[in-house]
Amino acid sequence: MAENCVVILAGGKGTRMKTEHPKVLCQVLFKPMLSWVLDACATAGLPAERTCVVTGYQKEAVEALVVSKDPRYQTVFQEQRLGTGHAVMMAESFLAQNAGGNVLILYGDAPFIDPQTIRSSLAVHQQNQNAVTVVTAELKDPAYYGRIVREGDRLQEIVEYKDATEAQRQIHEVNSGIYWFRISALQKALAGLNNQNTQNEYYLTDTIRILRESGEKTEAYRTENSRVILGANSRTDLLALNETAKQQIISQHLENGVEFVSLDGVLIGPDVVIGPDTCILPGTILRGKTVIGAGCTIGPDSLLEDTIVGDSTILNSVQAYQSVIHDHVKIGPFCHIRPNSEIKSGVKIGDFVEVKNSVIDESTAVAHLTYVGDSDVGKRVNFGCGVVTVNYDGLHKHRTQIGDDCFIGCNTNLVAPVTLGNGVYTAAGSTITDDVPDGALAIARSRQEIKEGYAYQKLGDKIRRNKK
Ligand code: UD1
Ligand code: CA
């Protein structure tokens, strides 16, 4: 693959999407369409430094995504969007740098291009020494896609729907927008493009006719995987892509031994990994680079983003972001695990607990109504109900350190920075501001006072009468 390169067209505004953002940043299962395309190329073995994205509308936003994935990606800017052929012309110097090889051209608004199609279409392209190989599919409803006009088994031309005759519109084989070109042939054909068509655009698709007329070999490679063709030009299309992706991803997880009782409200992103015998319950959204081990129960009503979960863990109504949760952990219901947290094996976290930027070591229990922020908590610690780590002084965040085997009484405030040694007790209702040494009890509340008869005196007969 190394001698080949890629150009991805991503300049479109997406007028029909009615979005403020560039169309290629619209998401399918929480992942921008352009990321789907870039990842497929990378998986097929096409290197980032030989991948060029043509930006246009809101180029900064598109560049930001591309660079965040890999700073070696190239970008070029198409100032005016004069058509797909014009967009490829913007990559002229990129093509010149990669002269001698082949270029894969893809559209950033068609996310289902897969590594298999990239590889097998290249194999055909190289074997038959084609100037261009266009990936096509046979569709029941060819809609507004460009029509593939064949002459025997050769590809004669691609006619855009708007320019097609009635007879051509009856053709069911359509252009996917995936092409392999010999770079030298593409450079020649681009020079011959014009915009004499109903849309006054420079169509990339016209290069086929130009190459054919100059005696070059042009081939249509019909794929069985007609999903690769699906693009999104409207919100309705985008919803349809989400549905298609959802079904396909869930089938894959079923194959791998993941259990679903019902698919109601279940959405799983394309890069999520789930082990066998894990059960995903309704209302569960798994996205980003989430990885879940075997034998877990996730849900109902849980959301995990970029979170690593071990084996045999139960997450019930949990939201977790950019965190690591180990084996045999039980969390929920109604817990929030915020970024940069690590919950070690055997930990139990109960209802209405929030954890942020903290490590909770093995077999610790945080049963109810507790906030653990910016903290390092040891093993086998027991948190009473209503404990708060007071991590923010209005200007800065500070850490709380808690040793092993501590018992934090109910409603303890731990005013950070503060350190509790091993085996420390804090009395219920204490506000701990000073460090506590190993094995000590810290009481930080005023001592109880009894005022005999006070209430009788104040309320007099009222209480005595009710008592009878
Ligand atoms: C294009 C094809 C059509 C094919 C279909 C498959 C052409 C002329 N037509 O039509 O044969 O069936 O895709 O989805 O190529 N773009 C730019 N700059 C431009 C114009 C477009 O970057 O000046 C980008 C768009 O952002 C988009 C892609 O190129 O990602 C395709 O453009 P679009 O206008 O959506 O082409 P279609 O009309 O869908
Ligand atoms: Ca399109």
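All residue numbers here refer to positions counted from 1 along the written sequence of the relevant chain. The lettering of chains begins at A and the numbering of ligands begins at 1, in the order of writing. For this predicted model, a pLDDT threshold of at least 70 governs which residues receive local features, and a threshold of 80 or more governs which side-chain atom pairs are given and counted, while totals over whole chains, interfaces and linings are taken from all residues. For side-chain calculations, the full set of non-hydrogen atoms in the structure is used, while hydrogens and water are omitted.

Let's hear about the coordination of the calcium ion (ligand 2): which residues, and what values?
Only N, O and S atoms count as donors, using a 2.8 Å limit from the metal and a wider 3.2 Å limit for Na, K and Ca, and since water is excluded some coordination spheres may look unfilled. Taken together, D109 (OD) and N233 (OD1) make up the full set of protein donors to the calcium ion (ligand 2), lying 2.7 to 2.9 Å away. With D109 in the loop between strand 6 (102–107) and helix 5 (115–127) and N233 in the loop between strand 11 (218–222) and helix 9 (235–255), this residue pair connects regions lying 124 residues apart in the sequence. According to the relative accessible area criterion, D109 is buried, its value standing at 16%. Runs of H or I in DSSP of at least four residues are treated as helices and runs of E of at least two as strands, each being numbered from the N terminus. The cut-offs for exposure are 20% and 50% of the maximum accessible area for each residue type, with area from a 1.4 Å probe on protein chains only; residues under the lower value are buried, those over the upper are exposed, and the others partly exposed.

I'd love a proper account of the domain arrangement of the chain, names of residues and values included.
Residue ranges labeled as domains rest on an automatic or database domain assignment. Examined at the domain level, the chain breaks down into domain 1 (5–229) and domain 2 (255–442). When each unit is reduced to the centre of its C-alpha atoms, the spacing between domain 1 and domain 2 is 46 Å. On the side of domain 2, seven residues touch domain 1, which itself brings five residues to the contact. Computed with a 1.4 Å rolling probe, the buried area is the accessible surface lost when two parts are put together, summed over both parts. Where domain 1 abuts domain 2, roughly 490 Å² becomes buried across the two surfaces, and 74% of that area is made up of carbon and sulfur atoms. What counts as a salt bridge is simple: a side-chain nitrogen of Lys or Arg found within 4 Å of a carboxyl oxygen of Asp or Glu. Linking domain 1 to domain 2 there are one salt bridge. Note that D271 is salt-bridged to K31, the shortest N-O span being 2.9 Å. As used in this structure description, the phrase polar contact means that two N or O atoms lie within 3.5 Å; if the pair is within protein, one of them must be able to donate a hydrogen and the other to accept it, and residues adjacent in sequence are counted only when both atoms belong to side chains. Linking domain 1 with domain 2 are one residue pair in polar contact (both at pLDDT 80 or more), by the criterion used here. The nonpolar class holds Ala, Val, Leu, Ile, Met, Phe, Trp, Tyr, Cys and Pro. Asp, Glu, Lys and Arg form the charged class, and all remaining residues, Gly among them, are polar. Split by residue class, the side of domain 1 that touches domain 2 holds three nonpolar, no polar and two charged. In what follows, residue pairs with any heavy atoms lying within 4.5 Å of each other are defined as contacts.

Can you tell me about the site of ligand 1, naming the residues and giving the values?
The full set close to ligand 1 counts 22 residues, and G12, Q78, Y107, E160 and N175 are the nearest of them. G11 has a polar backbone atom sitting 2.9 Å from an oxygen atom of ligand 1. In this structure, G12 approaches ligand 1 through a main-chain N or O atom, which is 2.7 Å from an oxygen atom. For the area figures, the Shrake-Rupley method with a 1.4 Å probe applies, and any residue is considered shielded solely by the protein chains shown. Burial of ligand 1 by the protein amounts to 86% of the accessible area it has alone, namely 760 Å². We call a residue near a given molecule or strand whenever any one of its heavy atoms falls within 4 Å of it.

Could you give me a rundown of the packing of helix 7 (residues 183–191) against helix 8 (residues 206–213), with the residues and numbers involved?
Any two packed helices are characterised by the angle at which their axes cross and by the distance between the axes. What counts as an axis is a line fitted to C-alpha atoms, over the stretch in contact for a helix, and the angles between N-to-C directions run from 0 to 180 degrees. The N-to-C vectors of helix 7 and helix 8 enclose an angle of 105°; their axes lie 9 Å apart at closest approach. Between helix 7 and helix 8, the crossing angle belongs to the class labelled roughly perpendicular. On helix 8, the residues touching A185, L186, A189 and L190 of helix 7 are T207, I210 and L211. Roughly parallel covers angles under 35 degrees, roughly antiparallel covers those over 145, roughly perpendicular covers 65 to 115, and oblique covers all other angles.

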